[in-house]
Amino acid sequence: MFGNLQKNDRLLMIFFIIMVLAGPIILAPFGAGYPDLLQRFAIFGIFAIGFNILFGLTGYLSFGHAAFLGVGSYSAVWMFKLLTMNVVPALLLSVAVAGVFALLIGYVSLRRSGIYFSILTLAFAQMSYNLAYSVLTPITNGETGLQLNLNDPRILDAADTSGSIPSTNFFGLAMNSTAKFDVLGMTLQFNVGFYFCALILIGAFYLALRIFRSPFGMMLRAIKTNQNRLNYTGLNTRPYTLAAFVISGMYAGLAGGLMAITDPLAGAERMQWTASGEVVLMTILGGAGTMMGPVLGAGFIKYFENIFSKINDNVLHAWFSLLPDGLENLLVGILHFFVGKGWHLTLGIVFMLVVIFLPGGLVDGATRIMKRIMNRGKSDSASAKSAAE
Amino acid sequence: MSYLEVRGVNKRFGGLQALDDVNLSVEAGTIHAIIGPNGAGKSTLLNCFVGKLIPDTGTVTFDGQSLLGLKPHEINQTGVSRVFQTPEIFSDLSVLENVMIPCLAKRDGAFKLNAITAMSGQTDIREKAEQMLLDVSMQDKMHMAASSLSRGDKRRLEMAMCLSQDPKLLLLDEPTAGMARADTNNTIDLLKEIQEKRKITKVVIEHDMHVVFSLAQKISVLAQGHVIVEDKPENIKGHPKVKEAYLGGAH
């Protein structure tokens, strides 16, 4: 299946597939095994993988990728409203429209590099956000957000008589159907929507891996290192960066489409600059330019946002209930600022620590630990050998 | 007929006449040196060959084709490679990858979206790059990061990158600038070796006389934007105009 990958990449791919497919089981003990969050892991994983193709390879830091995410969501919801609740046409349109948007924005923004490129993309994204919020209300439904209605045409679907809005589906397989199993006191939830996103995530990861290992990917890395030399080597850098920009924009559109699939509504806030900044954080936190980094970063941040933010003082009191009362209250009083609504503070500290001490991100940290363990293993066997002699 | 032909080139930056009616003809297969004191306009002239600057007036033709108005990558695709004053390499990539990129550019042109084919499948490119590194005796450093090379090796690598494209014309902008004597001599030997193996036309910009006289077949002396003498090296050495330009006569 992965015949044209090198051995290491094949192992990475297999590892990735197992981790993703077993996600509901692996994450259940951490309280993150429910479909809604798992879907978000997968969707933001796709978003970050796409962003990494641009930022990790070429070094062009886009601050406007949320625009493509939003455009993808709107396209998908419109497809649900007009054509059918089947997810395939919706996703195709999301990717196509985001691609066209990326082509236009990229064509203009890539005339500059460095900070000017970032500012241009940010400006375009804010423009899209404001347009979606105000002028384009007939298309975007303004601040209410675009929602499904009972009397939407849906010309391909059979007339619905149930009186409720139908669920998004993959040729009849409803996205919100879930199989639940109780194992060891935990509830394992296997959700169709999650597995749909997971399969697309695996496909997106595989495609990104191919791009990373291709001549095209090598050119993109060369652009990051020395554009001047590349020009004098007979290569036109502009189409390369534009292609990377469009590809990563289409990834964002795909992620936006998937968001609409798991929850069929689209709002302008999805395009806001904070959303663009979030994917930058995910990529840098996980490790820009690495394969696993962006997915890891996306998972990390979404976990913090959804789980860490739910820890409140009562939970803390329960954790430290064995300690003497004074100490317990002191600890809870200190930690109070770092959990619950203060999760941004903790995330900020983690982000600072990573940027300062692990410039290669979480993946860099993991490889360092692995190396240290490997070296220890080696020196152990070496000393064992010398002892035997 | 000469290979690179420069006719009546003028370039003015504000009040400074950087190039003043420069004429130059480089014969095919020779090494042609352009020398001159600082600020004589050597680099400006070179930038006019590679599409970085466009002269105000005059023509630059290479192998019968005008180079004016072409972008740097288009000029490279016509067969002109350039070595920079400070080696311009892809420092984050491995030495081998550094040489594979120009090989790809030569094979696939200025842009090709081959995003799905694997780099490990490009055996022809790889073999060509490995052969090139063998030619400049860097085969044992193939998998090192280019940033970890010594300055002399970086220069060698840059040369290998240019040569791997089989250029028709190689432009060298002060290839020994800032080098220790030993490195300079190594570079001279490398250039001589290359000249013996493949007769590539070269234009060398230099202010190190030692380099110029041991390499060039013809020398143009540039002073204040003007070519004052163009002749064989042995005739340049004692030329009164050259002495005057370098030692500062009637300024």
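Before going into details, it helps to say that this report is about the structure given with it. (Residues numbered from 1 in each chain as written. Chains lettered and ligands numbered in written order. Predicted model: local features only at pLDDT ≥ 70, side-chain atom pairs only at ≥ 80, totals over all residues. Heavy atoms only, no water.)

In this section: the overall build of chain A. Within chain A one finds 17 helices and six strands. Its C-alpha atoms give chain A a radius of gyration of 23 Å, near enough to 21 Å, the size a compact globule of 389 residues would have. Overall, the C-alpha framework of chain A stretches about 80 × 65 × 45 Å when taken along its three principal axes. The buried share of chain A, taken over its 389 residues, is 48%. (Helix = DSSP H or I, 4+ residues; strand = E, 2+ residues; numbered from the N terminus. Rg over C-alpha atoms; globule rule 2.2 N^0.38 Å. Buried < 20%, exposed > 50% of the residue type's maximum accessible area, 1.4 Å probe, protein only.)

What follows deals with helix α11 (residues 237-262) of chain A. For α11(A), with 26 residues, the first-to-last C-alpha span of 38 Å sits near the 38 Å given by 1.5 Å per residue. Counting buried residues in α11(A) gives 22 out of 26 residues, a clear majority hidden from the surface. (Expected span 1.5 Å × (residues − 1).)

What follows covers the packing of helix α9 (residues 215-225) of chain A against helix α3 (residues 95-108) of chain B. The geometry of α9(A) relative to α3(B) is characterised by a closest axis approach of 11 Å and an angle of 115° between their N-to-C directions. Viewed along their axes, α9(A) and α3(B) adopt a mutual orientation that is roughly perpendicular. Considering the relative orientation of α9(A) and α3(B), their crossing is left-handed. On α3(B), the residues touching P215(A), M218(A), M219(A), R221(A) and A222(A) of α9(A) are E97(B), M100(B), I101(B) and L104(B). The class makeup of the residues in the contact of α9(A) with α3(B) is seven nonpolar, no polar and two charged. (Axes fitted to C-alpha atoms, helices over the stretch in contact; angles between N-to-C directions. Parallel < 35°, antiparallel > 145°, perpendicular 65-115°, else oblique. Left-handed = near helix turned anticlockwise from the far one by under 90°. Contact = heavy atoms within 4.5 Å. Nonpolar A, V, L, I, M, F, W, Y, C, P; charged D, E, K, R; others polar.)

Okay, the packing of aromatic side chains next. All names here are of chain B. Here the structure, examined in full by the defined rule, presents 18 aromatic pairs over all chains. A ring pair is formed by Y3 and F62, whose centres lie 5.1 Å apart and whose planes are at 65°; its orientation type is edge-to-face. In this pair, Y3 sits in the segment before β1 (4-13) while F62 sits in strand β4 (residues 57-62), placing the two residues 59 residues apart along the sequence. Owing to a relative accessible area of 17%, Y3 belongs among the buried residues under this scheme. The buried category is assigned to F62, whose relative accessible area is 1%. (Phe/Tyr/Trp six-rings, centres within 6.5 Å; stacked < 30°, edge-to-face > 60°.)

Our focus in this paragraph is the packing of helix α4 (residues 65-82) of chain A against α11(A). In helix packing, the relevant descriptors are the interaxial angle and the interaxial distance, both defined with respect to the helix axes. Residues and elements named next belong to chain A. Packing of α4 against α11 brings their axes to within 7 Å, and their N-to-C directions diverge by 45°. In this view, α4 runs oblique relative to α11, as classed from their interaxial angle. Our pair here, α4 against α11, has a crossing hand that is right-handed. Together, H65, F68, L69, G72, S73, A76, V77 and F80 of α4 and F245, S248, G249, A252, G253, A255, G256, G257, M259, A260 and I261 of α11 make up the contact between the two elements. Residue composition of the contact of α4 with α11, grouped by class: eleven nonpolar, eight polar and no charged.

All names here are of chain B. Reading across from one edge, β6-β7-β8-β3-β9-β10 is the order of the six strands in this open sheet, with mixed pairing throughout. Here the strands that pair on one side only, and so sit at the sheet edges, are β6 (80-83) and β10 (226-231). Averaged over all neighbouring strand pairs, the angle between strand axes comes to 20°, with direction disregarded. One ladder, built from four bridges, connects strand β3 (residues 31-35) with strand β8 (residues 201-205); its direction is parallel. Counterpart to H32 in the pairing with β8 is V203. The sheet contacts of helix α9 (residues 240-247) involve β3, β9 (218-223) and β10, and relative to β10 the element is tilted by about 135°. (Pairing = 2+ DSSP bridges.)

With that settled, consider the interface of chain B and chain A. Listed as interface residues are 38 residues of chain B and, on the opposing side, 27 residues of chain A. Carbon and sulfur atoms make up 64% of the area that chain B and chain A hide from each other, which totals about 2,800 Å². Our enumeration of links across chain B and chain A arrives at two salt bridges. Between E97(B) and R221(A) there is a salt bridge, with its nearest N and O atoms 2.9 Å apart. Joining chain B to chain A, the criterion identifies 17 residue pairs in polar contact (both at pLDDT 80 or more). Mapped by element, the contributors of at least two residues to the side of chain B that touches chain A are α2 (72-77), β6, α3 and α5 (151-163) of chain B. Top contributing element to the side of chain B that touches chain A by residue count: α3(B), with six residues. Among the residues forming the side of chain B that touches chain A, the class breakdown is 21 nonpolar, ten polar and seven charged. (Buried area = accessible area lost by both parts, 1.4 Å probe. Salt bridge = Lys/Arg side-chain N within 4 Å of Asp/Glu carboxyl O. Polar contact = N/O pair within 3.5 Å; in protein donor to acceptor, adjacent residues only side chain to side chain.)

With that out of the way, let us pick up the sheet that holds strand β2 (residues 16-26) of chain B. Residues and elements named next belong to chain B. The antiparallel open sheet is built from four strands, whose spatial order is β2-β1-β4-β5. Only two strands of the sheet have a single neighbouring strand rather than two, namely β2 and β5 (65-66). Against the sheet, helix α1 (residues 42-49) touches β1, β2 and β4, its axis set at about 60° to β2.

Tallied over the entire structure, the rule returns 21 salt bridges over all chains. Here the residues in one salt-bridge network are R107(B), D108(B), K112(B) and D124(B), joined through shared partners.

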